Every structure is written in C-alpha cells, then in structure tokens.
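What follows is the residue order along each chain.
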Amino acid sequence: MVVYCFDTLVAHYNSEEAPPPAFDEGHHPLFVTWNKVVNGGERRLRGCIGTLEARCIVNGFRDYALTSALRDRRFPPYKLKNCLIWNVGKHGIIIEFTDPDYNTRRNATYLPDVAAHQGWTKIEAIDSLIRKAGYNGTITEQLRKRIRLTRYQSTLFTMSYSDYVSHVNTTRGAAPTINGAKPHN
C-alpha cells in the first residue's frame, strides 16, 4: 500500500498513470501520512489526510496520497464524554464540538502516533486538535467538557523513499525516476 502511494506521487509528477497496486481491493478507513526528513534524519509531518469512513482503498490511497502530499492545509469506535479517556500512543482521537463563538460544528482528528511523536500530554493534544478544528477562541475547561471524543486504533505501514526505490528496482528492474528531477545521492 505504501509502494502504491509512492507510485501515485511519482506518476503525478511525471504526468503518467501509476502502476496497478499489488494489493486486493477492499473498503476500509485509511490515512496517508507523508513525513519529510530534516536535520540529518529527524522526521517531521508534511501532510496527513484520510477518512474514518470505509472507502475503496485503491481509489482512496490514490486520492489521499496526492491530497496529503500536495493539499494538506496545515501544511467500532467508542463515543466518550470525557475527552481524557484515551491513551497517548495507543489511540487516535476524533473530537467534535460546537464552537461557542459561532455556533458551528467543528471536528478534527489525530492518528494514534501523533500525540506521542509530538511529546504531548492528553490536554496538549486535545487543545491542539481544538485549534486544528479551526477554533480561535480561548480554550477553557468548560469547552473541553463539551467535546465528544471518539477514540480508535489503527495499523501503520511506513517506508522511506530509498526503501521504495530499492523495492521498485528489485521488483521492476529499474528505479523510478521523476522527469526533470536531479539525481538523488
């Protein structure tokens, strides 16, 4: 699935069709997260887009691979009334609440590894999600108590670009190229 996401991105830059995926079709929730490597190896979030709704995974991975790489504007679950009944590093969370200033519904999600990777406490993660959802007012304990939280778990597959190149070279006999790009050393 990760190879297919890389294939999709390379094909986009080359104005080509991506090779067919090497996995079976199905309908599942899915997310595509891209990280960039900085400071000689530190991974930083570049984009993360997905859906908790079951979706055709071939089309879903194709669409979200491009959306998360190119259009992320930031650059059975449990419904919980207490926004702290989840575990950092184990659960992903979705928050939903009504903006008290504009009386509009807001929501946002973080995958299970985000809070742990950022070194956040539960409160810091919730407050960050409140901002991610678009709320700019004062975050109070009263607002936190009005949050409806859904926690979930997921499976993460990851691959570096160099591992992708190696995989494609081994399985297809040639490394992928991006038209007009300088060779990577």
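This one's a predicted model, so the numbers in the text were calculated from it and none came from an experiment.

Caption draft 1: Structural view of helix H6 (residues 161-172). In this model H6 runs 16 Å from its N-terminal to its C-terminal C-alpha over twelve residues, within 8% of the 16 Å that 1.5 Å per residue would give. Just downstream of H6 lies Gly 173, where phi reads positive at about 85°.

Caption draft 2: Main features of the packing of aromatic side chains. Here the structure, examined in full by the defined rule, presents eight aromatic pairs. When the ring of Phe 6 is compared with that of Trp 34, the centres are 5.1 Å apart and the planes differ by 70°; the resulting orientation is edge-to-face. With a gap of 28 residues between them, Phe 6 in helix H1 (residues 2-13) and Trp 34 in strand S1 (residues 27-38) connect regions that are remote in the sequence. Taking the relative accessible area as the measure of exposure, Phe 6 reaches 9% and is therefore buried. Seen from their ring centres, Phe 6 and Tyr 164 are 4.8 Å apart, and the 20° between their planes marks the pair as stacked. The exposure class assigned to Tyr 164 is buried, which follows from its relative accessible area of 1%. Chaining the aromatic ring pairs together yields one cluster made of Phe 6, Trp 34, Tyr 161 and Tyr 164. Residue placement shows Arg 55 over the ring face of Tyr 64; its charged tip is 5.1 Å from the ring centre.

Caption draft 3: Structural detail: the confidence of the model for the protein. When pLDDT is averaged along the protein, the result is 88, and 95% of the positions lie at 70 or above. Averaged pLDDT values over the elements of the protein bottom out at 45 in strand S3 (residues 78-80) and peak at 96 in helix H4 (residues 122-132).

Caption draft 4: Highlighting the pattern of salt bridges. In the structure shown here, the tally under the stated rule is eight salt bridges. Across the pair Arg 148 and Glu 96 runs a salt bridge whose closest N-O atoms are separated by 2.6 Å. Taken together, the residues Arg 148 in strand S6 (residues 148-152) and Glu 96 in strand S4 (residues 92-98) connect sequence positions 52 residues apart.

Caption draft 5: View of H1. A rise of 1.5 Å per residue sets the reference length of H1, with its twelve residues, at 16 Å; its end C-alpha atoms lie 17 Å apart and thus fit the reference within 8%. With ten of twelve residues buried, H1 lies mostly within the body of the structure. For H1, the secondary structure elements touched by its buried residues are S1, helix H2 (57-70) and H6. Positive backbone phi, at 55°, marks Ser 15, one or two positions downstream of H1.

Caption draft 6: A look at the packing of H1 against H6. Between H1 and H6, whose axes approach to 10 Å, the crossing angle comes to 90°. It follows from the interaxial angle that H1 and H6 lie roughly perpendicular. Of the residues in H6, those in contact with Val 3, Phe 6, Asp 7 and Val 10 of H1 are Tyr 161, Tyr 164, His 167, Val 168 and Arg 172. Grouping the amino acids of the contact of H1 with H6 by side-chain chemistry returns six nonpolar, one polar and two charged.

Caption draft 7: Spatial organisation of the side chain of Ser 128. Along the polypeptide, Ser 128 turns up in helix H4. Residue contacts for Ser 128: discarding those within four places in its chain leaves Tyr 110 and Trp 120.

Caption draft 8: Local environment of the environment of Ala 54. Position of Ala 54 relative to the elements: it lies in strand S2 (residues 42-56). By relative accessible area, Ala 54 is classed as exposed at 54%. Residues Ala 54 and Val 10 lie 44 residues apart in sequence; the distance between their C-alpha atoms is 26 Å. Beyond its immediate chain neighbours, meaning those up to four positions away, Ala 54 contacts His 27, His 28 and Pro 29.

Caption draft 9: Region of the structure containing the packing of H1 against H2. It is at 9 Å that the axes of H1 and H2 come closest, and there the two elements cross at 60°. As summarised for this structure, H1 and H2 are arranged oblique, according to the angle between their axes. Remark: the crossing between H1 and H2 carries right-handed chirality. Contacts between H1 and H2 involve Tyr 4, Cys 5, Thr 8, Leu 9, His 12 and Tyr 13 from the first element and Val 58, Phe 61, Arg 62, Ala 65, Leu 66, Ala 69 and Leu 70 from the second.

Conventions and cut-offs
- Residues numbered from 1 in each chain as written.
- Predicted model: local features only at pLDDT ≥ 70, side-chain atom pairs only at ≥ 80, totals over all residues.
- Heavy atoms only, no water.
- Helix = DSSP H or I, 4+ residues; strand = E, 2+ residues; numbered from the N terminus.
- Expected span 1.5 Å × (residues − 1).
- Phe/Tyr/Trp six-rings, centres within 6.5 Å; stacked < 30°, edge-to-face > 60°.
- Buried < 20%, exposed > 50% of the residue type's maximum accessible area, 1.4 Å probe, protein only.
- Lys NZ or Arg CZ within 6 Å of the ring centre and 35° of its normal.
- pLDDT = per-residue confidence, 0-100.
- Salt bridge = Lys/Arg side-chain N within 4 Å of Asp/Glu carboxyl O.
- Contact = heavy atoms within 4.5 Å.
- Axes fitted to C-alpha atoms, helices over the stretch in contact; angles between N-to-C directions.
- Parallel < 35°, antiparallel > 145°, perpendicular 65-115°, else oblique.
- Nonpolar A, V, L, I, M, F, W, Y, C, P; charged D, E, K, R; others polar.
- Left-handed = near helix turned anticlockwise from the far one by under 90°.

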